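The primary structure of each chain is shown beneath.
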Amino acid sequence: MRILGLDPGLARVGYGVLEVDEQRRNQPEMVDCGIISTDAGRGEGERMVEIARDLRQLLRLHRPQLAAVEKFFFYRSSNTIAVVQARGVLIMTLARFQIPTVEYPPMQIKLALAGSGHADKGEVQDAVMRELRLNERPKPDDAADALAVGLTAWFQR
């Protein structure tokens, strides 16, 4: 099974691709991770088009059977609306490719990986390293967060 984890954002969307082979002890392995970045000099609409285009390329390349997206909660931030809109672009693109999608709030991701819904970023990244048997933390942080979302989907199946 291939799982795509996504950490939504307007400037950067983190992604992480996991593969789980039932013949290899159901141990998730990282296939790919990185970010979709958008040009800050462009308008929001154009940036949304960039996100959709790059996500379509990732979907064609990796062909996930499941996608997991971090659920966004409203914070007092000037970019809240833009992030929610970018998240909508992700959900819409996944739906167009008919990829089943699950969503998890940050607290549930932290609980699934680090054992506490109040774990800090470092604890979650350490858990990602441990679960995927990595020698170093995935970079950038958005990619590591996306891997955490994907792992949560695997754990919650």
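Residues numbered from 1 in each chain as written. Predicted model: local features only at pLDDT ≥ 70, side-chain atom pairs only at ≥ 80, totals over all residues. Heavy atoms only, no water.

Undergrad: Teacher, can you tell me more about the packing of aromatic side chains here?
TA: The relative placement of two aromatic rings is captured by the distance of their centres and the angle of their planes. Under the counting rule described, the total for this entry stands at zero aromatic pairs. One Lys or Arg, Arg157, reaches over the ring of Trp154 and ends 3.6 Å from the middle of that ring. (Phe/Tyr/Trp six-rings, centres within 6.5 Å; stacked < 30°, edge-to-face > 60°. Lys NZ or Arg CZ within 6 Å of the ring centre and 35° of its normal.)

Undergrad: Quick question: what am I supposed to make of the sheet that holds strand E1 (residues 2-7) here?
TA: Picture the strands of a sheet paired through backbone hydrogen bonds; they go either parallel or antiparallel. Spatial strand order, E3-E2-E1-E4-E5: five strands in an open sheet with mixed pairing. Either end of the sheet is taken by a strand with one partner, and the two such strands are strand E3 (29-37) and strand E5 (101-104). Going across the sheet, the axis of each strand differs from the next one's by a mean of 20 degrees, ignoring polarity. Where E1 lies against strand E4 (residues 66-70), four bridges are found, and the strand directions are parallel. Note that in E4 the partner of Gly5 across the bridge is Ala68. Relative to the sheet, helix H1 (residues 44-62) contacts E1, strand E2 (12-19) and E3, its axis offset from that of E3 by approximately 160 degrees. (Pairing = 2+ DSSP bridges. Helix = DSSP H or I, 4+ residues; strand = E, 2+ residues; numbered from the N terminus. Axes fitted to C-alpha atoms, helices over the stretch in contact; angles between N-to-C directions. Contact = heavy atoms within 4.5 Å.)

Undergrad: Got a minute to help me understand the pattern of salt bridges in this structure?
TA: Side chains carrying opposite charge are able to pair once their charged atoms draw close together. In total, this model carries nine salt bridges according to the counting rule given. Between Glu29 and Arg133 there is a salt bridge, with the nearest N and O atoms lying 3.8 Å from each other. A residue pair is termed long-range when its members are at least 10 positions apart, and Glu29 in strand E3 and Arg133 in the loop between helix H4 (121-132) and helix H5 (141-155) qualify at 104 residues. In this structure, Asp54 engages Arg53 in a salt bridge whose closest nitrogen and oxygen atoms are separated by 3.2 Å. Asp54 gets classed as buried once you look at its relative accessible area, which sits at 17%. One salt-bridge network, held together by shared partners, links Asp39, Arg42 and Glu50. (Salt bridge = Lys/Arg side-chain N within 4 Å of Asp/Glu carboxyl O. Buried < 20%, exposed > 50% of the residue type's maximum accessible area, 1.4 Å probe, protein only.)

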